[in-house]
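Given next are the chains, with one letter for each unit.
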Amino acid sequence: MRCMRDWESCEPLISSIRENLKAIWANQFMSLDEYRRRIESGRLARAHRFRDDRAFQKANPTHPLASDNRFARTKAADAIRDAAKQINRPLPGDLLTDIHKALFDCCAPVRHALSQALFFAGGPESAQVLERLLKTESESNMVKSSARVALERCRMRDPANKPSRERLVMAVIADLDLVREVMVICEKHGARLYLPDPPFDDFATMHAEVHIIDRWYMGKEFWGAYCDYLDRPVAGIGQAATAGGGQTSVRQGQASVRGRQASLLNGSAMDTTPLIITDWRMDRSMQEFRSPNRPTDVVFTVEGGATDIVTLIVKKVLQGVKHIDFAEVIREVNAERLAGR
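These remarks concern the structure in this document.

**A closer look at the pattern of salt bridges**
Part 1 of the argument: Tallied over the full model, the rule gives 31 salt bridges.
Part 2 of the argument: Where Glu131 meets Arg155, a salt bridge forms, and the shortest distance between an N and an O atom there is 2.8 Å. Residue Glu131 is found in helix α7 (residues 126-136), and its partner Arg155 is found in helix α8 (residues 141-156); the two are separated by 24 residues along the sequence.
Part 3 of the argument: Looking at Glu131, the relative accessible area reads 30%, which means it is partly exposed.
Part 4 of the argument: The exposure class of Arg155 is partly exposed, given its relative accessible area of 30%.
Part 5 of the argument: A salt bridge links Arg284 to Glu288; the shortest N-O distance between them is 2.6 Å.

This is the structure we're talking about:
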């Protein structure tokens, strides 16, 4: 599942989000606060954690946690999350307002899925809503975890919070567990994780200590533009970074082969920013995606899901290790895994 290229391609996904929000409202939606009030007042039967779903459904068909209603809302919330994942940019305000309301559903899996949806498609205005969820969430650690990561992503999207002189780790990844772990590493080493939105121009305009990219999620078109940019002389990269934006764009790299040749003929060094490629289906991706114009000793290909390998490389980069031996990284990770058994 990849990011959509532009807003026009997102329209069917936005329509599906609207329809799935209607499904949430139509299947006995009730906020967690209202649910607690009704339970305490005796107006609603308490749905115990260990219960016979069939018997509870039969006795309480209009209950918000009756299986038919709960499963319908959870299915709709999962569909909203999946659509938001492909959109990967802040949704229109009216749509976000409805997701913010649904976020406080009395069913924890619904709250979890919609927190994840806000990670992908929430705006700066979502931050305050997620903060409120974290203050009131007392039932699910899973919801707390997804809401914390979504909160940080929504804060990143506030123009007033745009990175300036911080040490950055820049990533295009959809694995929230990996995002959370990299955030922890960054906090420990005085850096900041930054997750740019499509079309990912920030790779060209902002300096980072390391890049982390899932190419299947980034998409071939955007990955191709990223490689086009790397084919330009490294001096251009440095100028774009110090300019803090300027007019440079990933999309402006048009002549990849000529740029590569010019760089080599002029004796210019390639960009040496460490790049961690964290694709799923690595064998297939190595055949389908272009190789980046970057020295091989700073490119690390890591199969998707190997969070500990990615975070150790990031840690070493932020600690100032100049040459990272990938074989040594694997040995360290294996030793940690064996010790944790």
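Next comes the rest of the account.
**A word on the packing of helix α6 (residues 108-121) against α7**
Part 1 of the argument: It is at 11 Å that the axes of α6 and α7 come closest, and there the two elements cross at 150°. The orientation of α6 relative to α7 falls into the category roughly antiparallel. Between α6 and α7 the crossing geometry is left-handed. Contacts from Arg111, Ser115 and Leu118 of α6 reach α7 at Ser126, Leu130 and Leu133.
Part 2 of the argument: Classifying every residue of the contact of α6 with α7 by side-chain character gives three nonpolar, two polar and one charged.

**Some remarks on the pairing of strand β2 (residues 191-194)**
Part 1 of the argument: Every second residue of β2 is oriented toward a common face, with Ala191 and Leu193 on one face and Arg192 and Tyr194 on the other, all of them buried.
Part 2 of the argument: The parallel pair strand β1 (residues 167-172) and β2, bridged by helix α9 (residues 176-188), forms a crossover whose chirality is right-handed.

**A closer look at the layout of surface pockets**
A probe matching the size of a water molecule, rolled over the atoms, marks out where space remains unfilled.
Part 1 of the argument: When its volume is computed, the largest pocket comes out at roughly 460 Å³.
Part 2 of the argument: Residue lining of the largest pocket: 16 residues in total, with Ala47, Arg49, Arg51, Leu65 and Glu139 positioned closest to the centre.
Part 3 of the argument: Elements that contribute at least two residues to the lining of the largest pocket include exactly α2 (32-41) and α6.
Part 4 of the argument: When its residues are assigned to classes, the lining of the largest pocket shows seven nonpolar, two polar and seven charged.

**A word on the sheet that holds β2**
Part 1 of the argument: Reading across the sheet, the five strands line up as β2-β1-β3-β4-β5 and stay open at both edges, with parallel pairing between neighbours. With one partner strand each, in any of the chains shown, β2 and β5 (299-301) form the two edges of the open sheet. Going from strand to strand, the sheet's axes swing by 15° on average, the running direction of each strand aside.
Part 2 of the argument: Where strand β3 (residues 210-213) and strand β4 (residues 275-277) come together, three bridges link them in parallel fashion. Residue pairing for β4: His211 is matched across the bridge by Leu275.

What counts and what doesn't
All chains use their own residue numbering, which begins from 1 and follows the written sequence. Only residues with pLDDT of at least 70 get local features here, since the model is predicted, and only at 80 or more are side-chain atom pairs given and counted; chain-wide, interface and lining totals rely on the full set of residues. Hydrogens and water molecules were not included; the side-chain quantities draw on all heavy atoms of the structure. By salt bridge we mean one thing: a side-chain nitrogen of Lys or Arg within 4 Å of a carboxyl oxygen of Asp or Glu. Elements are defined by DSSP. Helices are runs of H or I of four residues or more, strands are runs of E of two residues or more, and each kind is numbered from the N terminus. A 1.4 Å probe rolled over the protein chains alone gives each residue an accessible area, and that area as a share of the maximum for its type sets the label: buried under 20%, exposed over 50%, partly exposed in between. Think of each axis as a best-fit line through the C-alpha atoms, taken over the contacting stretch in the case of a helix, with angles from 0 to 180 degrees between the N-to-C directions. Roughly parallel means an angle under 35 degrees; roughly antiparallel, over 145; roughly perpendicular, 65 to 115; everything else is oblique. Note on convention: near helix rotated counterclockwise from far helix by under a right angle means a left-handed crossing. Clockwise means right-handed. Contact between two residues is taken to exist if any of their heavy atoms lie within 4.5 Å; hydrogens are not considered. Any residue that is not Ala, Val, Leu, Ile, Met, Phe, Trp, Tyr, Cys, Pro, Asp, Glu, Lys or Arg is counted as polar, Gly included; the first ten are nonpolar and the last four charged. Look down the strands so they point away from you; if going from the first strand over the helix to the second traces a clockwise path, that crossover is right-handed. Using a 1 Å grid laid over the protein atoms alone, points where a 1.4 Å probe fits but cannot get out form a cavity; open sets with protein on both sides within 12 Å along at least 5 of 7 lines form a pocket; any residue with an atom within 4 Å of a point counts as lining. Grid points are joined across faces, edges and corners, and a volume is the space filled by probe spheres set on the points. Only when DSSP finds a minimum of two bridges between them are two strands counted as paired.

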